[in-house]
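Spelled out from the first residue to the last, the chains are:
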Amino acid sequence: MLVIKNLRVSIDNQEILKGIDLEVNAGEVHAIMGPNGSGKSTLASVLAGRDLYQITSGKVLYKGEDLLEKSPEERAKEGLFLGFQYPIEIPGVSMANFMRTAMNEIRKYKGLEPLTSSEFLKKMREKKDLIEISSSLTNRSVNEGFSGGEKKKNEIFQMAMFEPELAILDETDSGLDIDALRIVARGVNNMKSPLNSTIVITHYQRLLEYIVPDFVHVLYNGRIVKSGGKDLALLLEEKGYEWVRSESVNM
Amino acid sequence: MSTITNISLEEHFLDLYRKNSSDIADNSAPLMNSFRENAIARLEELKFPLNGNEAYKYADIGSVFKQDLVKTFASQKISFNIREIFHCDVPDLNTEPLLLVNGRFYNNGLKYKKLPGGIIAGSLLQAANDYPEIVEKHYGRYAGESEDGLVALNTAFAQDGIFIYAPPGARMEEPVQIVNIMISEKGLMAQHRNLFVAAEGAELNVVICDHTLSAHSFLTNSVNEVYAGKGSQVNLTKIQNEHNGSSQITHSYYHQEGDSNLVSNIISLHGGFIRNNVNVKLNGEHAENHSTGLYLSDQGQYIDNFVFIDHASPNCFSNQLYKGVLDDTARGAFTGRILVRRDAQKTNAYQSNNNMLLTNNAKIYSRPQLEIYADDVKCSHGSTVGQLDENALFYLRSRGINYREARLMMMFAFAHDVIQNIKVMSLRNRIDDLVNKRLRGELSRCNNCSLQCG
Ligand SMILES: Nc1ncnc2c1ncn2[C@@H]1O[C@H](COP(=O)(O)OP(=O)(O)OP(=O)(O)O)[C@@H](O)[C@H]1O
Ligand SMILES: [Mg+2]
């Protein structure tokens, strides 16, 4: 599904990702952990197509095609979804209009008829119930005035609506209460199939109790310094990143 | 005719007046004529607001008035059937519009439009003769004190326009629509004058649409005088959609008595040179004014809004909200002047001007001017100039919405809160649609009534 080879990314001539290698196969759940500022969100943004960064070397293949030459909207249409660490408020653009426009653009790309109003509303209702997000949120402007947790929930709601093939969730669990955390996990697990993959970026082992990863990677200072199974997360929780640092020095 | 370049503008227009004064008078009403000599003297004294005039700092009035344009004062016989080339059917707004063609009331068999509640709408020239007691009481009363030479110019030359009167307590469901058309075989200048009167407790809704129906240069220098009586509710919407060879200067004077509420919306969709002066006098306690504007300019268009709110009584409220999107090499200016007089305690006055520049060559000059002489006052002003929010744009695109559409969604969102001020729902939806079309570049610049394409 996704193959990243020696990806190097800079911003203002400062190198942030210093050669990332990562392979995610269909049906897998990967967790990426790592200290603040290590480059997790940068990686996620680059994959989604934010043009703020200079890609100085490396390659990313998504479903066998060069991902980096595609526009952000093309990537979305090809089934890639980024759950933002900091979802953007867009006053004046209603959630419904936004979701419906996006949904139909994606359908058009796939050669499907646009959803009718009632089909769209039905789908909204269904996913709203699943994610337990209230209509008072979906009737407002995109993220406008949403609380931190509500914004995160809204990301998962969108994921549920778009049903992506590859979802990258950037700290979707931060700021969520315990119930919301379960709901988010439910949203992710609900989507899980041999055809879909998920990358969850998180600081907390707690989320991984609900969304059990096949692989855990530690991103440290722009590099993946350690990869392992779900137990790696437990080890990290116990020993902290200092341990990874000394490990990686020994490597 | 002497070319204007060799003589001063004042000389040109004074000369024009002298040579045509009998034509002007013969094709107008005695009441309007009685203001002319005085206005000419005023013009000589005030002069044209050219270089160095503070209020017109960014507007090149000289170039606009120096254009070689035909000025006619006799009643024109229009030799075409206006119905054939122009048909305005606004869904939900199924009223017959009143037409002003080149500044003159276009009589299509109907002298006045009479609406329920005793509301009368028709030609000002006619009304000055038929309803002298109303016209006399208001004509020239609010624009008369103006320090603007261009207002004096209008008073000296204006022969006709639209008159609307809503008697005490009258209710109005649908707005009266005025369609202001410029059409000619040669470049033309017109100066009309509108007078709207809402008596005590009356409701008055008016929509004015400005159009150019031929590709020539046009200049309009018009004056609107609006009287909002005690407790009245007045909703005015102006939609400007003229081609890039047109210049338009509109001077609006809103005189508001106590407890009145006046909402003014100016939607500038297209126009080569636009200057909108909005002068509000809050003349009684608890009067409320909302002056809003939306401008969408591109190419070399110039848009200039000048708002002056005179808080002359205590306990009044005013709110200005002007927003604009400027593309290409468009230039714009906004001046919001708030005067709170010494006795106008407990005034609430707010102002905000937000601009979005889509290129590095687009420009906006934004000036708040606050003069506050009372001490118990709540006043705020804010002005922003920005670009499209790249993060928001990325957010939309990351969901599959293409760049162009995402950009449009954001511009539309930016414009939307001005449109929300439009009180008449059917009109609001229609304007939503127009603005959407305009942003998509689907609105033709000329030869069409903006309200019919759809
Ligand atoms: N637009 C930017 N301009 C300058 N520096 C940036 C920019 N974006 C990211 N950086 C820097 O790149 C580094 C990696 O940032 P990134 O947001 O990817 O970290 P992260 O691993 O997601 O951290 P966190 O756990 O706090 O979310 C940080 O040092 C950050 O300051
Ligand atoms: Mg981050």
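The present account deals with the structure reproduced in this document. Counting restarts for each chain, with residues numbered from 1 along the sequence as it is written. All chains are assigned letters beginning at A, and all ligands numbers beginning at 1, according to the order in which they are written. Where totals are concerned, whole chains, interfaces and linings use all residues; where local detail is concerned, this predicted model gives features only for residues with pLDDT of at least 70, and gives and counts side-chain atom pairs only at 80 or more. Side-chain measures here rest on the full set of heavy atoms in the structure, leaving out hydrogens and waters.

Turning our eyes to something else, we now look at the packing of aromatic side chains. All names here are of chain B. Put simply, two rings from Phe, Tyr or Trp (the six-membered ring, in Trp's case) pair if the centres are within 6.5 Å, and we call them stacked under 30 degrees between planes, edge-to-face over 60, tilted for the rest. This structure, assessed with the given rule, holds 18 aromatic pairs over all chains. Taking the centre distance of 6.1 Å and the plane angle of 80 degrees together, the rings of Phe13 and Phe65 count as edge-to-face. Remark: Phe65 occurs in helix H4 (residues 61–65) and Phe13 occurs in helix H1 (residues 9–26); sequence separation between them is 52 residues. Neither residue differs from the other here; Phe13 and Phe65 are each classed as buried. Only DSSP runs of H or I covering at least 4 residues are called helices, and only runs of E covering at least 2 are called strands; the numbering of each starts at the N terminus. Categorising residues by exposure relies on relative accessible area from a 1.4 Å probe, with only protein chains included: less than 20% of the type maximum marks a residue as buried, more than 50% marks it as exposed, and the intermediate range marks it as partly exposed.

What follows covers the layout of surface pockets. To find the voids left in a structure, one rolls a probe of water-molecule size over its atoms. Of the volumes computed, that of the largest pocket is approximately 770 Å³. Secondary structure elements with two or more residues in the lining of the largest pocket: strand S12 (246–256), strand S14 (273–282), strand S16 (302–311) and strand S20 (363–372) of chain B. Ranked by residue count, the leading element in the lining of the largest pocket is S14(B), at five residues. Nonpolar residues are Ala, Val, Leu, Ile, Met, Phe, Trp, Tyr, Cys and Pro. Charged residues are Asp, Glu, Lys and Arg, and all others, Gly as well, are polar. Looking at side-chain class alone, the lining of the largest pocket contains eleven nonpolar, seven polar and twelve charged residues. Taken together, 21 residues line the second largest pocket, and the ones lying closest to its centre are Ser41(A), Ser45(A), Gln85(A), Tyr86(A) and Asp170(A). Secondary structure elements with two or more residues in the lining of the second largest pocket: helix H1 (40–48) of chain A together with helix H9 (390–397) of chain B. The element that contributes the greatest number of residues to the lining of the second largest pocket is H1(A), accounting for five residues. Across the lining of the second largest pocket, the residue classes tally to eight nonpolar, nine polar and four charged. In this analysis a 1.4 Å probe is tested at points of a 1 Å grid over the protein atoms alone, and where it fits but cannot get out there is a cavity; an open set with protein on both sides within 12 Å along at least five of seven lines is a pocket; lining residues have an atom within 4 Å of a point. Grid points are joined across faces, edges and corners, and a volume is the space filled by probe spheres set on the points.

Next up on the list: the pairing of S14(B). All names here are of chain B. Most of S14 sits inside the fold, with nine of its ten residues counted as buried. By the convention used here, strands pair only if DSSP detects at least 2 bridges between them. Sheet topology note: the S12/S14 ladder contains ten bridges and is parallel. Residue pairing in the sheet places His251 in a bridge with Asn277 of S14. Pairing between S14 and S16: ten bridges, direction parallel. Looking at S16, one finds that Val278 is bridged to Val307.

A word on the sheet that holds strand S6 (residues 80–83) of chain A. Residue and element names in this part refer to chain A. Read from one edge of the open sheet, six strands run S6-S9-S10-S3-S11-S12, paired in mixed fashion. Looking along the sheet, the strands with just one partner apiece sit at the ends: S6 and strand S12 (223–228). Here the strands of the sheet are splayed against their neighbours by 20 degrees on average, with no regard to which way each runs. When S6 meets strand S9 (residues 166–170), the two strands line up parallel, connected through four bridges. Counted as the bridge partner of Leu82 is Ile168 from S9. Packing of H1 onto the sheet brings it into contact with strand S3 (29–33), S6, S9, strand S10 (197–201) and strand S11 (215–220), and relative to S6 it is tilted by some 145 degrees. As a rule, the C-alpha atoms of each element are fitted with a line to give its axis, helices using only the stretch in contact, and angles between N-to-C directions run from 0 to 180 degrees. Here a residue-residue contact requires only that any non-hydrogen atoms of the pair lie within 4.5 Å.

Here we take up the nonpolar core. Judged by nonpolar contacts, the single largest core of 115 residues is most densely connected at Leu2(A), Ile4(A), Leu7(A), Ile90(A), Phe98(A), Ile168(A) and Val435(B). Those residues in contact with Ile168(A), other than ones at most four positions away along the chain, are Ala44(A), Leu47(A), Leu80(A), Phe81(A), Leu82(A), Gly83(A), Ile199(A) and Ile201(A). Joining through side-chain atoms within 4.5 Å is the link that ties buried Ala, Val, Leu, Ile, Met, Phe, Trp, Tyr and Cys residues into a set, and such a set is a nonpolar core. With 42 residues, the next largest nonpolar core counts Ile119(B), Ile266(B), Ile309(B) and Leu357(B) among its residues.

With that settled, the discussion passes to the sheet that holds strand S15 (residues 288–297) of chain B. Residues and elements named next belong to chain B. Sheet architecture is open: ten strands sit in the order S2-S1-S6-S9-S11-S13-S15-S17-S19-S21, paired in mixed fashion. With partners counted over all chains shown, the strands left at the sheet margins are strand S2 (104–105) and strand S21 (377–386), one partner each. As defined by bridge partners, strand S9 (residues 203–212) adjoins strand S11 (residues 233–241) across nine bridges and the pair is classed as parallel. Directly across from Val206, in S11, lies its bridge partner Leu236. Helix H11 (residues 425–440) contacts S9, S11, strand S13 (261–270) and S15 of the sheet and is inclined by roughly 25 degrees relative to S13.

Only N, O and S atoms count as donors, using a 2.8 Å limit from the metal and a wider 3.2 Å limit for Na, K and Ca, and since water is excluded some coordination spheres may look unfilled. On the protein side, the magnesium ion (ligand 2) has Ser41(A) (OG) and Gln85(A) (OE1) as donor atoms, found 2.0 to 2.1 Å from it. One end of the pair, Ser41(A), is in helix H1; the other, Gln85(A), is in the loop between S6 and strand S7 (90–94), and 44 residues separate them in sequence.

All names here are of chain A. Nearness is defined per residue: one heavy atom within 4 Å of the molecule or strand is enough. Residues in close proximity to ligand 1 total 14 residues, the closest being Ile16, Gly37, Lys40, Ser41 and Thr42. One of the backbone N or O atoms of Gly39 is found 3.0 Å from an oxygen atom in ligand 1. A 3.5 Å cut-off defines polar contacts: any pair of N or O atoms within that distance qualifies, except that in protein one atom must be a possible hydrogen donor and the other a possible acceptor, and neighbouring residues in sequence count only when both atoms are side-chain atoms. Interatomic distance of 2.9 Å between a side-chain N/O atom of Gln85 and an oxygen atom of ligand 1. Calculation on ligand 1 without its partners gives an accessible area of 640 Å², and the protein chains cover 64% of this total. Top element by residues in the shell around ligand 1 is H1. It accounts for three residues. The Shrake-Rupley method, run with a 1.4 Å probe, gives the accessible areas here. Residue values count only the displayed protein chains as cover.

One can find Thr220(B) in strand S10 (residues 218–228). Excluding residues that lie within four positions of it along the chain, Thr220(B) makes contacts with Met182(B), Ala190(B), His192(B), Ser247(B), Gln248(B) and Ile249(B).

Residues and elements named next belong to chain B. Counted by the stated rule, this structure contains four cavities of 30 Å³ or more. Considered as a void within the structure, the largest cavity measures approximately 200 Å³ in volume. Lining the largest cavity are 18 residues; nearest its centre among them are Thr72, Asn102, Gln159, Ala190 and Gln191. Elements with a contribution of two residues or more to the lining of the largest cavity: H1 and strand S7 (188–190).

Interpretation note: all reported values are geometric properties and have no functional meaning in isolation.
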